[in-house]
Amino acid sequence: MKHPLTLFAALVATALFALTLSSCRDTLPAGPPTTSGSDTIAFYPHPLVDGKDVTGHGHDGTWPLTAPAQVTGTDRFGKVQLTGEGITVLNSNGLNFTGNDSYSISAWIQLFDQPNNPIQDRIVSKSPASYPPHGYELGISLGRNIGAFVSDSIGNHAVAAWGGLTDTSSPSAWHMVTMVVKARTSVSLYIDSILSQTNTTSASAMAPNVGNDTTPLLMGGYGYLLDDVLILHHAVSANEVAARFHEGGWYAHHDTTVVPPLPDSGWSRKPGLSGTNQDLLVGQFVNATVGFVAGSNGVFLKTTDAGNTWSLRSPVPVSGTVYGISFFSATNGFAVGDQRTIAATFDGGGTWASINTSNVPVSDLIRSVCFSNQNTGFVGTADAYGAPSGSICRSTDGGTTWNPIFTTQGGIYNIDFNIPGSNGMIGVAQGRFGVSYWTNDGGATWNQGTTDQPNVIITRSTFTSPTTGFAVATNITDTIRGFILRTDDAGHTWHTVTSSWIFGNCGIANNGNGVITAVGFGGAVVESTDGGSTWVGTTSGTSRWFAVQYPTPHRAVFVGMNGNIATRDR
C-alpha cells in the first residue's frame, strides 16, 4: 500500500511562508559533529535491489509483495533496480529517534519518469498512517519538491524543510538529498551539496517520543530510483554533506564491502601558526603524534600532538629554503636545501650542525633527501640553472660524509624509500623533465624508468604496496597544470591517471587504508578513496598547499604558503 504523505501536503502552504530559506553553498563553519555520537545506524548500498543493511545491525529490508513489481532501471553502479511498493524494514526499533536525538538521513535519487510529472512518495520514512503521523520522513511531494519533516505524537509540533530539484530538463540526473535533524534545534534539507532550507519552528517543543514506536521503516516507491541510503545518529555538518556528495566522505561508494565511517570534523585551519608566515614546503611524522615541517628561510616547526599545536624550533642553517627532511625518530634527523646545505639535529630541531658537502657537485642545489636506514641516506640534486642534469649522492656513515654515485638526466626533487614491505631495498628518484629512476638493492645501483610526462617536475610520491605507487608532478612551463602518475611495477614505469583540471600538484600521501590525497595550487585537494581507481577534486582555501601527511589513518595534516597548516579528521 502506498504510504500517504498527507502531512507533506498540509505543510506545503504554511512552509512556504514560515520557513527560513538559505541558499548558501556549504558555508557553515567547519567543526566536529554537533552531537557526541557518530553512530551509523544503517546503510543500504542498493536499497531497491536487495534491501540489505551492510552495517551488521540487521535492519534488512524486504519486499511487501511476493515479487518485485517491475524492472525500471539501474542504480548508479549499474545494478538492476526493482520498484513498485518499495522496501519495508520490519526490524526498525533501532531506527527510532526521539525528540532529544540528532540524526541524519541521506540518499541518492533519480526521477526517471517525465521530469515535471507530479509524483508524491516517500524516500525514507518512519511514521504511522494515523494523523498526526508522528515520526520522521524524507520524501518527494508534488512538483518535484523534496521535503524533510519531523512531528511528535501529542500535537501539531511539526518541523519541516523544503527544496525543489532544479534540473527539470534532465530526468536521468542523480541527486543527493539529505535531511539533518539537530535535537530540539532545527531540521535542515540539503539537495546535492546545497543547503536548501533550515527551519527551527517548534523545534524546542518537540516531545521525546518522536518516531518511538514499532512502525516499519519504508524506502522507495513509484516514479524514481533510489541508491545509497544512509542513516546516522548524529547531525552531519555542511562539510560532511559536501564530502559525501563529492564521493569523498562518509561511506565510500563501492559495490562490495563498506567500512563504517569515522567522525569527520572537517577542516581546522591554523594560519600563521606559532607566529610564522614563512612558506611551509615539507613535512614528516615519525609516529602518530610527533611530526616536523620546514620551509622558506630555514623555518622549522615541531608538533607532539598530531598537528593540533606546533612550536617553532631553531631555524635550519640554510641560505634560502629547506626542500627536504628525513627523520629517524622524534629527535634525530636531517634537513637539506639551498646552497648545497645538509644539516643534522639530535634534539628535534633545538640545535643544528652543518654537514660538509664539499663532494656534492658544485653547480647543483640539493632538492631532496631520504634515508633507507640509519646508516644509508641519499640526497638528490638539480642544476642551479635548470639544465637537464643532476645527481644522486649517498652517505653510508649515518650522514657524516656524502659522495655522488650517479649522474641523472634531470634534477632530482624526490627520493622515496618509504615503500611498504621493501625493508629499504626498493626506492625511486624522480624530478625535472619527468626523469624517474628505481632501485631494488637499497640504492647500490639505479636504473632508468619511464614516464609519459617529459615536461614536468615530479615532486613527491607515495606507495600503497611494494609495487603500486603514486606521484605528483607540475608542468615546467605551465605551472597551473598538475598531474598524478601511477606505477604498478615498483617505479619502473609511470603513467598519468589524472591531469589538466588539477592545479599544480605539489604533495601526496596515503593513509594506508585506500585513501590517497594530493595537494597543490589554489588550495587544491585531489583524493581517491578507492586505492587510486577514481579521483575527486575539491579545494580548501585558496592558498597553495605544498605537502600533506597522515600521522594516523584518520588524520591528514596539510601545510602550505604563509605558514598555513590545516588538519582534517575522518
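Being a predicted model, the structure only gives us computed values, none of them experimental.

Engineer: Help me get a handle on the overall build of the protein, residues and values and all.
Structural biologist: Along its length, the protein carries two helices and 44 strands. Within the protein, residue pairs in contact and separated by at least 24 positions form 55% of the contacts whose partners lie at least 6 positions apart. Carbon together with sulfur atoms contributes 53% to the accessible area of the protein, which is approximately 21,200 Å² in total.

Engineer: So what's going on with the sheet that holds strand β21 (residues 322–327)? Which residues, and what values?
Structural biologist: The strand order across the open sheet built from four strands is β21-β22-β23-β24, with neighbouring strands paired in antiparallel fashion. Across the chains shown, the open sheet's two edge strands, defined by having one partner strand only, are β21 and β24 (353–354). With two bridges connecting them, strand β23 (residues 341–345) and β24 associate as antiparallel partners. Within β24, the residue paired with Ala344 across the bridge is Ala353.

Engineer: Just give me the short version of the packing of aromatic side chains, but keep the residues and values in it.
Structural biologist: This structure, assessed with the given rule, holds 19 aromatic pairs. Considering the side-chain rings of Phe97 and Tyr103, the 4.1 Å spacing of their centres and the 5° angle between planes classify their relative orientation as stacked. When sorted by exposure, Phe97 lands in the same class as Tyr103, which is buried. Between Phe378 and Phe417 the ring centres are 5.0 Å apart and the planes differ by 15°, which places this aromatic pair in the stacked class. Taken together, the residues span a long stretch of sequence, with Phe378 in strand β26 (residues 377–383) and Phe417 in the loop between β29 (412–416) and β30 (427–431) at a distance of 39 residues. Judged by its relative accessible area of 4%, Phe417 falls in the buried class. Grouped by ring-pair contacts, the aromatic residues Phe292, Phe300, Phe327 and Trp352 constitute a single cluster.

Engineer: So what's going on with the pattern of salt bridges? Residues and values would help.
Structural biologist: In a structure, side chains of opposite charge can pair up when their charged atoms sit close to one another. As enumerated under the stated definition, the model contains four salt bridges in all. A salt bridge links Arg486 to Asp488; its shortest N-O distance comes to 3.1 Å. Taking the relative accessible area as the measure of exposure, Arg486 reaches 19% and is therefore buried. Of the residues examined, Asp488 reaches a relative accessible area of 40% and is grouped as partly exposed.

Engineer: Before we move on, could you go through the side chain of Gln430 and cite the residues and values that matter?
Structural biologist: Within the secondary structure, Gln430 is located in strand β30. For Gln430, a relative accessible area of 0% puts it in the buried group. A distance of 2.8 Å separates the side chain of Gln430 from the side chain of Asn414, its partner in a polar contact. Discounting chain neighbours no more than four positions away, the residues touching Gln430 are Gly411, Ile412, Tyr413, Asn414, Val435, Ser436, Ile458, Ser461, Ala471 and Trp494.

Engineer: I'd like to hear about unusual backbone geometry, residue by residue, with values.
Structural biologist: A negative phi angle characterises most non-glycine residues, just as the trans form characterises most peptide bonds. For Ala306, which is not glycine, the phi torsion reads 65° and is therefore positive. Residue Ala306 is classed as buried on the basis of its relative accessible area of 12%.

Engineer: Explain the side chain of Ser461 residue by residue, including any values.
Structural biologist: Summarising the element assignment, Ser461 is placed in strand β34 (residues 456–463). One polar contact links Ser461 to Asn414, side chain to side chain, over a distance of 3.0 Å. Within the structure, the side chain of Ser461 is placed 2.8 Å from the side chain of Asp416, a separation counted as a polar contact.

Engineer: Can you explain helix α2 (residues 238–245)? Please cite residues and give values.
Structural biologist: Counting buried positions along α2 gives six out of eight residues, so the element sits mostly inside the fold. Buried within α2 are the following residues: Ala238, Glu240, Val241, Ala242, Ala243 and Arg244.

Engineer: Lay out the nonpolar core in plain terms, naming residues and giving numbers.
Structural biologist: If you look at the biggest cluster of nonpolar residues, it comprises 39 residues, and the most contacted ones within it are Ile123 and Ile146. Of all the elements, strand β6 (residues 103–110) adds the most residues to this core, at four residues. Residues contacting Ile123, with those up to four places away along its chain left out, are Ala107, Ile109, Leu138, Gly139, Ile140, Ile146, Val177, Leu218, Met219, Gly220, Tyr224 and Leu226. Membership of the second largest hydrophobic core comes to 16 residues, among which are Phe292, Ala294, Ala335 and Trp352.

Engineer: Could you give me a rundown of the confidence of the model for the protein, with the residues and numbers involved?
Structural biologist: Confidence in the prediction of the protein, expressed as mean pLDDT, is 80, and 77% of residues score 70 or more. Confidence, expressed as mean pLDDT per element, reaches its minimum in the protein at strand β1 (residues 20–21) with 25 and its maximum at strand β31 (residues 436–439) with 98. Contacts for the low-pLDDT stretch residues 1–38, under 50 throughout, to residues beyond four places or in other chains number 88 contacts. Within the model, the stretch residues 250–265 combines pLDDT values under 50 with 52 contacts to residues more than four positions away or in other chains.

Engineer: Provide a residue-level description of the environment of Ala288, including the pertinent values.
Structural biologist: Counting through the fold element by element, Ala288 comes out in the loop between β17 (280–285) and β18 (291–295). Since its relative accessible area comes to 37%, Ala288 is described here as partly exposed. C-alpha separation for the pair Ala288 and Ala306, spaced 18 residues apart in sequence, amounts to 6.2 Å. Every residue in contact with Ala288, bar those within four places of it in the chain, is listed here: Ala306, Pro551 and Thr552.

Engineer: Quick one: what's the story with the pairing of strand β43 (residues 555–560), residue by residue and with numbers?
Structural biologist: The buried fraction of β43 amounts to six of the six residues, a majority that puts the element mostly inside the structure. Where burial is concerned, the two faces of β43 agree: the one with Arg555, Val557 and Val559 and the one with Ala556, Phe558 and Gly560 are both buried. Here strand β42 (residues 545–552) folds back onto β43 in antiparallel fashion, the turn holding two residues. Hairpin geometry of β43 and strand β44 (residues 565–569) is characterised by an intervening segment of four residues between the two adjacent antiparallel strands and by a positive phi of about 55° at Asn562.

Engineer: An account of the sheet that holds strand β20 (residues 311–312) is needed here, citing residue identities and associated values.
Structural biologist: Strand pairing in a sheet is mediated by backbone hydrogen bonds. Such pairs are either parallel or antiparallel. An order of β17-β18-β19-β20 is seen for the four strands of this open sheet, with the pairing classed as antiparallel. Looking at strand neighbours, the two that pair on one side only are β17 and β20, the edges of this open sheet. Pairing between β18 and strand β19 (residues 300–303): four bridges, direction antiparallel. In the sheet register, Ala294 faces β19, and the bridge partner there is Phe300.

Engineer: Please set out the environment of Asn418 residue by residue, giving values where relevant.
Structural biologist: Here Asn418 is to be found in the loop between β29 and β30. Through-space distance from the C-alpha of Asn418 to that of Pro466 is 9.6 Å; in sequence the pair is 48 residues apart. Aside from chain neighbours lying at most four places away, what touches Asn418 is Cys370 and Phe463.

Rules behind the numbers
Residues numbered from 1 in each chain as written. Predicted model: local features only at pLDDT ≥ 70, side-chain atom pairs only at ≥ 80, totals over all residues. Heavy atoms only, no water. Helix = DSSP H or I, 4+ residues; strand = E, 2+ residues; numbered from the N terminus. Contact = heavy atoms within 4.5 Å. Areas by Shrake-Rupley, 256 points an atom, 1.4 Å probe, with all protein chains shown as cover. Pairing = 2+ DSSP bridges. Phe/Tyr/Trp six-rings, centres within 6.5 Å; stacked < 30°, edge-to-face > 60°. Buried < 20%, exposed > 50% of the residue type's maximum accessible area, 1.4 Å probe, protein only. Salt bridge = Lys/Arg side-chain N within 4 Å of Asp/Glu carboxyl O. Polar contact = N/O pair within 3.5 Å; in protein donor to acceptor, adjacent residues only side chain to side chain. Core = buried A, V, L, I, M, F, W, Y, C linked by side-chain atoms within 4.5 Å. pLDDT = per-residue confidence, 0-100.

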